[in-house]
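# Breakdown of the fold
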Amino acid sequence: MPELPEVEALAAFLDGKLAGRTVAAATPAAFQAMKTYDPPLSAIEGLTFDGVGRRGKFLDMRIGELHLVMHLSRAGWIRWKDELPTQPVRPGKGPLALRLRLTEPESAGFDVTEAGTQKRLAIWLVSDPEDVPGVARLGIEPLSPEFTAEVLIDLLKNERRQIKGVLRDQSTIAGIGNAYSDEILHAAKMSPFKIAAKLTPAEVTDLHAIAVGTLTEAVERSRGLPLTELKSEKKSGLRVHGRKGEPCPVCGDTIREVSFSDSALQYCPTCQTGGKPLADRRLSRLLK
Ligand SMILES: [Zn+2]
């Protein structure tokens, strides 16, 4: 799933391609992806892109007075095409969710696609991004100047949840998902199951610096890369996430995994949990 650094790079790329350009046609191909119908998608035809930005993991395309907001979810992506296919869009089962064609040059534009059978990609056309419930709920942007160590100390001081869950809760901090929360906790040498309120102010100050550093580094690595390379770049930059069974790049211990019903986290026991493997709940349930 694209997280803050990838969506940031995607937004910067699209901003360079789209700002000042005019929409010729916007054609939905997967109707379940469209979460709003008033105004209709055709309302952006003839309007000019003002720019493309990011809020959390949401893309915000400013077009005239409107905002085309997208959440790519797990398997969504945007494919820029200097030459879009000319045959008409056929709504149906394929990966195409939306095609947007520009006026000049006539063949350029982008496809919004979603791989797989689980269709969770979502698109809204609104006059204010805050009209999108997921955007309205977003917590603080971790790369904004407002996100200081003091702010994080305040967010966590009464937080009874485990730190892994807090870091990826979009309504607490915007843009960090399963992958970067694994990376941040590994770099901070912190157990994902640690109760947030039990962290000392010094530990939270450290965690804050590491979170900002990890995300900034990932944004820097992604900047300017072609869209086709962003996903592989994300993967190659990760040190523990998705690397179960591989040696930890810091200490050489084997990276372990805890699986949940719809996701899994990876961590290094030596770096993060005093050498003790964490209980894998799914596995222990199977063994009962
Ligand atoms: Zn390690």
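## Quick word on the overall build of the protein
Regarding its fold elements, the protein presents nine helices and ten strands. Here the protein has a C-alpha radius of gyration of 21 Å; the compact-globule value for 288 residues is 19 Å, and the two agree. Restricting the contact set of the protein to residue pairs at least 6 apart, pairs at least 24 apart contribute 65%. Separation between the mean location of the 39 positive side-chain charges and that of the 37 negative ones in the protein comes to 9 Å.

## Here's the deal with the packing of helix α1 (residues 4-18) against helix α7 (residues 227-237)
Where α1 contacts α7, the axes come no closer than 10 Å and their chain directions differ by 165°. The orientation of α1 with respect to α7, classified from their angle, is roughly antiparallel. Seen from above, α1 lies across α7 with right-handed handedness. Along the contact surface, α1 presents Glu 6, Ala 9, Leu 10 and Phe 13, while α7 presents Leu 227, Leu 230 and Lys 234. Among the residues making up the contact of α1 with α7, the classes are represented as five nonpolar, no polar and two charged.

## Remarks on the sheet that holds strand β4 (residues 66-71)
The strands that make up a sheet pair up through hydrogen bonds in the backbone, lying either parallel or antiparallel. Read across the open sheet, the four strands follow the order β2-β3-β4-β8; overall the sheet is antiparallel. At either margin of the open sheet sits one strand with a lone partner, and together these are β2 (49-55) and β8 (122-126). Pairwise comparison of adjacent strand axes, ignoring direction, gives a mean angle of 15° for this sheet. Taken together, the six bridges between β2 and strand β3 (residues 58-63) define a ladder with antiparallel strand orientation. By the bridge assignment, Arg 54 is partnered in β3 with Leu 59. Sitting on the sheet, α1 is in contact with β2 and β3, with an inclination near 175° to β2.

## Some details on the nonpolar core
Counting residues in each nonpolar core, the largest one holds 37 residues, and the members touching the most others are Ile 44, Met 61, Leu 68, Met 70, Ile 78, Phe 110 and Val 112. Examining the composition of this core, we find that six residues originate from one element, α1, more than from any other. The residues touching Phe 110, leaving out its near neighbours within four places in the chain, are Leu 18, Phe 49, Met 61, Met 70, Ile 78, Arg 79, Trp 80, Lys 81, Leu 84, Leu 98, Arg 99 and Leu 100. One finds Val 166, Leu 167, Ile 184 and Ala 188 within the second-largest nonpolar core, a separate group that totals 23 residues.

## Comments concerning the pattern of salt bridges
Per the stated rule, a full pass over the model turns up 15 salt bridges. The residue Asp 111 makes a salt bridge to Arg 99 at a minimum N-O spacing of 2.7 Å. One end of the pair, Asp 111, is in strand β7 (residues 109-114); the other, Arg 99, is in strand β6 (residues 96-102), and twelve residues separate them in sequence. Taken individually, Asp 111 and Arg 99 each receive the classification buried, so the pair is uniform in this respect. Taking the shortest distance from any N to any O, the salt bridge between Arg 161 and Asp 169 comes out at 3.0 Å. Three or more residues joined by partner-sharing salt bridges are found here, namely Glu 8, Arg 54, Arg 55 and Glu 141.

## Structural notes on the sheet that holds strand β1 (residues 23-28)
An order of β1-β6-β7-β5 is seen for the four strands of this open sheet, with the pairing classed as antiparallel. The strands lining the two open edges of the sheet, one partner per strand, are β1 and β5 (76-81). Ignoring strand direction, the axes of neighbouring strands in this sheet form an average angle of 15°. Note: β5 against β7, six bridges, orientation antiparallel. Bridge pairing in β7 links Trp 80 to Phe 110.

How each quantity is defined
- Residues numbered from 1 in each chain as written.
- Predicted model: local features only at pLDDT ≥ 70, side-chain atom pairs only at ≥ 80, totals over all residues.
- Heavy atoms only, no water.
- Helix = DSSP H or I, 4+ residues; strand = E, 2+ residues; numbered from the N terminus.
- Rg over C-alpha atoms; globule rule 2.2 N^0.38 Å.
- Contact = heavy atoms within 4.5 Å.
- Lys, Arg positive; Asp, Glu negative; His and termini not counted.
- Charge placed at Lys NZ, Arg CZ, Asp CG, Glu CD.
- Axes fitted to C-alpha atoms, helices over the stretch in contact; angles between N-to-C directions.
- Parallel < 35°, antiparallel > 145°, perpendicular 65-115°, else oblique.
- Left-handed = near helix turned anticlockwise from the far one by under 90°.
- Nonpolar A, V, L, I, M, F, W, Y, C, P; charged D, E, K, R; others polar.
- Pairing = 2+ DSSP bridges.
- Core = buried A, V, L, I, M, F, W, Y, C linked by side-chain atoms within 4.5 Å.
- Buried < 20%, exposed > 50% of the residue type's maximum accessible area, 1.4 Å probe, protein only.
- Salt bridge = Lys/Arg side-chain N within 4 Å of Asp/Glu carboxyl O.

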